[in-house]
Amino acid sequence: MLTTLKTSYTDTRAADLAWALGREPLPALAVLDLELSGARLQLRLLGASHQVLLEEDGRSCSETVACMPGSSTPLPLGVSKRVGEWEYEFAARVETLSHGSFAGRAQELLALVADHPNGLAGTFPGSPHAFTAMLAQRHEGQVRWRTWHAYPQEGQLVVTRTRIGARMPATL
C-alpha cells in the first residue's frame, strides 16, 4: 500500500532517528494491520518515521524508530536481546547515495513495497523521494520486517531489519 502522508517532513536528518522498544502506540498517519500465521502485526507510519506493534499468544512487543525529542537512545547498528520469551534482533545501516542513484533506489523500493500485500509506504509532501516504507513477513516461526527511511536532501537511506520470535537453534 502506498499513500501520501498529510504532514510536514519532520525528521529531516538520518542522524535524528532514535530507537526504542516498548513504547505505547504513537499517533499514526497510516496503518496496515496484518495477520501472519497467528501473529497480529500493525505497521504504523508516523510523522517521524515508523512503529511496529506485534501481538502473538498473549505476548506483545513494540518497536519505534523515529525522531523522538528527549530520547537518549540513538539508532544503534545492532541490538540482540530477549523480550519476554522472544529473541529480538534489530540491525540498522545508513546508505549514502549520489543524487541519481538515490532517485533510482527510491523508485525501486517504493514499487516493491507499494504492490506487496504486507507492505506499507508513505511519501512526504515536497519530494517524491522523501518516504518511509515497511515490509513484513513470517519465516520459520519468526516475524520479520524491514524498513527504509529516505532523506533525499542528504542522499541518505536508513535501512533497518528486525526479526523476533522463538529462540532459533544454533547452526554450525
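Look a little higher up for the structure.
Quantities reported herein were computed from a predicted structural model and do not represent experimental measurements.

Let's talk about the layout of surface pockets
Unfilled space is identified by rolling a water-sized probe across the atoms. Computed from the structure, the largest pocket encloses a volume of approximately 180 Å³. The wall of the largest pocket is formed by His116, Leu135, Ala136, Gln137, Arg144, Trp145, Arg146, Arg161, Thr162 and Arg163. Put simply, the parts of the chain that give the lining of the largest pocket at least two residues each are β10 (131–139), β11 (142–151) and β12 (156–165).

Some remarks on the nonpolar core
Counting residues in each nonpolar core, the largest one holds 32 residues, and the members touching the most others are Leu41, Leu43, Val143 and Ile164. Those residues in contact with Val143 that sit more than four places away from it in its chain are Leu36, Ala39, Leu41, Leu54, Gln137, Arg138, Thr162, Arg163 and Ile164. With 13 residues, the next largest nonpolar core counts Phe102, Leu109, Val113 and Val159 among its residues.

Here's the deal with the environment of Pro117
Among the structural elements, Pro117 can be located in the loop between α1 (99–114) and β9 (119–123). A C-alpha to C-alpha distance of 30 Å links Pro117 and Ser98, two positions 19 residues apart in sequence.

Focus: the pairing of strand β4 (residues 39–46)
Burial within β4 is extensive, with seven of its eight residues counted as buried. In this structure, strand β3 (residues 30–36) lies alongside β4, joined through seven bridges in antiparallel fashion. In the strand pairing of β4, Glu35 is matched with Arg40. Where β3 folds back on β4, the antiparallel hairpin that results is connected by two residues, among which Ser37 adopts a positive phi of roughly 50°. Pairing analysis gives seven bridges linking β4 to strand β5 (residues 49–56), with the strands arranged antiparallel.

Cut-offs used in this document
- Residues numbered from 1 in each chain as written.
- Predicted model: local features only at pLDDT ≥ 70, side-chain atom pairs only at ≥ 80, totals over all residues.
- Heavy atoms only, no water.
- 1 Å grid on protein atoms, 1.4 Å probe; cavity = no way out; pocket = protein on both sides within 12 Å on 5 of 7 lines; lining within 4 Å.
- Points joined across faces, edges and corners; volume = space filled by probe spheres on them.
- Helix = DSSP H or I, 4+ residues; strand = E, 2+ residues; numbered from the N terminus.
- Core = buried A, V, L, I, M, F, W, Y, C linked by side-chain atoms within 4.5 Å.
- Buried < 20%, exposed > 50% of the residue type's maximum accessible area, 1.4 Å probe, protein only.
- Contact = heavy atoms within 4.5 Å.
- Pairing = 2+ DSSP bridges.

Treat this as a map of the structure, not an account of what it does.
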